[in-house]
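What the coordinates show
Each chain is listed here by its residues.
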Amino acid sequence: MDTDIHKDERARPFTYVEKSAFVKYRRFLSEQNIAVGDIEGSLKGLAKFHLFDPDGNRFNIRTF
């Protein structure tokens, strides 16, 4: 049996956060010393940012 664990770098799980909480949530994560990416897109439309979990997996946060 192969014991190597390979991450599928193409897998990018995401969740949606309500627009009214989106920027506050990113700020909260940053204040908790969680490295978060810049907000991309437009807060008038689709916007997103990402973070990484302790294992190095990327997780996307979106709003629309």
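Residues numbered from 1 in each chain as written. Predicted model: local features only at pLDDT ≥ 70, side-chain atom pairs only at ≥ 80, totals over all residues. Heavy atoms only, no water.

Some remarks on the pairing of strand β3 (residues 47-52)
Basically, it comes down to this: In this scheme, strands are said to pair when DSSP sees at least two bridges between them. Counting from the N terminus, the helices are the DSSP runs of H or I reaching at least four residues and the strands are the DSSP runs of E reaching at least two.
Strand direction decides the pairing type here: strand β2 (residues 40-41) and β3, joined by two bridges, are antiparallel. Note that in β3 the partner of Gly41 across the bridge is Ala47. Connecting β2 to the next strand, β3, in antiparallel fashion are five residues. Relative to strand β4 (residues 58-63), β3 runs antiparallel, the two being bridged by six bridges.

Section: the packing of aromatic side chains
Condition: Stacked, edge-to-face and tilted labels apply to pairs of Phe, Tyr and Trp rings (six-membered ring for Trp) whose centres lie within 6.5 Å, assigned for plane angles under 30 degrees, over 60, and everything in between, in that order. Throughout this description, buried means an accessible area under 20% of the type-specific maximum (1.4 Å probe, protein chains only), exposed means over 50%, and partly exposed covers the range between. Only Lys NZ and Arg CZ are tested; either one counts as a charge over a ring when it is within 6 Å of the ring centre and within 35 degrees of the ring normal.
For the structure on display, the rule yields three aromatic pairs. Consider the rings of Phe14 and Tyr16, whose centres lie 5.5 Å apart with planes at 85°: the pair is edge-to-face. The exposure class of Phe14 is partly exposed, given its relative accessible area of 40%. Centroid distance Tyr16 to Phe64: 5.1 Å. Interplanar angle 85°. Geometry classified as edge-to-face. Here the residue Tyr16 occupies a position in strand β1 (residues 14-16), and Phe64 occupies one in the segment after β4, the gap between them amounting to 48 residues. Tyr16 sits in the partly exposed class, given a relative accessible area of 42%. Residue Phe64 is classed as exposed on the basis of its relative accessible area, which comes to 64%. Counting every residue linked through ring pairs, the aromatic cluster contains Phe14, Tyr16 and Phe64. Sitting above the plane of the Phe14 ring, Arg62 keeps its charged end 4.0 Å from the centroid.

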